[in-house]
Amino acid sequence: RDTLLLDVTPLSLGIETMGGVVSKIIPRNSTIPATATESFTTYVEGQTSVMIHVLQGERELTGDCRSLAEFDLRDIPPMPAGLPRIEVTFLIDADGILHVSARELRTGKYQSIDVKPTYGLNDEQVESMILESFEHAEADIEARLVIEARNEAQTVLEACERSAGEEQWAELSDGDRKQIDDAIRHLKESTGKEDHQA
């Protein structure tokens, strides 16, 4: 019986997110042509541009993956962190060209780039990148969890800071305020630790 050989992506493709973490959009071994879309947002108050850093590889952190391209999605009106909705689409066509586009859904701002992910990559390099990801899997996941926990802690701390200026804050009892202050102090101390559980 004849076997149909389908082209697949040899390595995962994704973008860098807050803290140098890789968010995979098209996993390795996806059949080409392939397309996938993910939604992201901002972490900084009033951010007016977002850098889209396209990466290739199986590791969890940006520094351990292959950088393919980067571009800026500009002229986003300043909004509170977490409000912009940025849709990132990856499309690999039949020729193996990767088309990356980013659109801010509230304003329609749009930017795109095309790259050839396999350019300059041979089979040995692909294999070595996959093997490295197995070797470092445990440490990589732990490092990612720490970064994600720190990002979340930062969001909580900023929200607490903003809340202290609101009128409901004044209505809290001294005991409640002390409890919140203690929790904030504890969280600030914990962010320096390398254990995401902390």
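This text follows the structure it describes.
The structure contained in this document is the topic of the report that follows. (Residues numbered from 1 in each chain as written. Predicted model: local features only at pLDDT ≥ 70, side-chain atom pairs only at ≥ 80, totals over all residues. Heavy atoms only, no water.)

**Digging into unusual backbone geometry**
Put simply, the rule is: Numbering goes from the N terminus for both helices and strands, where a helix is a DSSP run of H or I of at least four residues and a strand is a run of E of at least two. Under the scheme applied here, a residue whose accessible area is under 20% of the maximum for its type counts as buried, over 50% as exposed, and between as partly exposed, the area being computed with a 1.4 Å probe on protein chains only.
Going from Ile-32 to Pro-33, the amide bond is cis rather than trans, its omega being 0°. Relative to the assigned elements, Pro-33 resides in the loop between strand S2 (21–26) and strand S3 (34–40). A positive phi angle, close to 60°, is found at Asp-75, a residue other than glycine. In this structure, Asp-75 sits in the loop between strand S5 (66–73) and strand S6 (86–92). The exposure class of Asp-75 is exposed, given its relative accessible area of 55%.

**Comments concerning the side chain of Thr-62**
Selection rule: Note on contacts: a residue pair qualifies if any of its non-hydrogen atoms lie within 4.5 Å across the two residues.
Looking at the element boundaries, Thr-62 is found in the loop between strand S4 (50–56) and S5. Exposure remark for Thr-62: the relative accessible area of 12% places this residue in the buried category. With residues up to four places along the chain from it excluded, the contact list for Thr-62 reads Glu-16, Gly-20, Val-21, Val-22, His-53 and Leu-55.

**Some remarks on the sheet that holds S6**
Stated precisely, the cut-off is as follows: Strands pair, by our definition, only if DSSP identifies at least two bridges between them. Note on geometry: axes are C-alpha line fits, over the in-contact stretch for helices, and angles between N-to-C directions span 0 to 180 degrees.
Spatial ordering of the open sheet is given by S3-S6-S7-S8, a layout of 4 strands whose pairing is antiparallel. Of all strands in the sheet, those bounded by a partner on one side alone are S3 and strand S8 (110–115). Sheet twist, expressed as the mean angle between neighbouring strand axes with direction ignored, is 15°. Alignment of S6 against strand S7 (residues 98–104), held across 7 bridges, turns out to be antiparallel. Within S7, the position partnered with Leu-91 by the bridge is His-99.

**Some thoughts on the sheet that holds S5**
Across the sheet, which stays open at both edges, the 4 strands sit in the order S2-S1-S4-S5 with antiparallel pairing between neighbours. Each edge of the sheet is formed by a strand with only one pairing partner; in this case those strands are S2 and S5. This sheet shows a mean twist of 30° between the axes of neighbouring strands, independent of strand direction.

**Things to note about the layout of surface pockets**
To keep things clear, this is the line we draw: Put simply, the grid is 1 Å and covers the protein atoms alone, a cavity is a trapped set of points that fit a 1.4 Å probe, a pocket is an open set with protein on both sides within 12 Å along at least five of seven lines, and lining residues have an atom within 4 Å of a point. Grid points are joined across faces, edges and corners, and a volume is the space filled by probe spheres set on the points. Classes in brief: Ala, Val, Leu, Ile, Met, Phe, Trp, Tyr, Cys and Pro nonpolar; Asp, Glu, Lys and Arg charged; the others, Gly included, polar.
Volume-wise, the largest pocket comes out at about 320 Å³. At the level of elements, strand S1 (13–17), S4 and S6 are the ones that each hand at least two residues to the lining of the largest pocket. A volume near 190 Å³ is recorded for the second largest pocket. Surrounding the second largest pocket, 14 residues form its lining, Thr-42, Tyr-43, Ala-81, Thr-155 and Glu-158 being those nearest its centre. Residues that form the lining of the second largest pocket fall into these classes: 5 nonpolar, 6 polar and 3 charged.

**Points about the nonpolar core**
Selection criterion: Here, nonpolar core refers to any group of buried Ala, Val, Leu, Ile, Met, Phe, Trp, Tyr and Cys residues whose side-chain atoms link them within 4.5 Å.
Formed by 24 residues in total, the largest nonpolar core has its most connected members in Ile-52, Val-88, Phe-90, Leu-98 and Val-100. Elements represented by at least two residues in this core include exactly S1, S2, S3, S4, S5, S6 and S7.

**Concerning the pairing of S2**
Consecutive side chains along a regular strand alternate between the two faces of the sheet. The buried fraction of S2 is high, at 5 of 6 residues. Where S1 hands over to S2, the hairpin turn is made up of 3 residues, of which Gly-19 adopts a positive phi near 85°.

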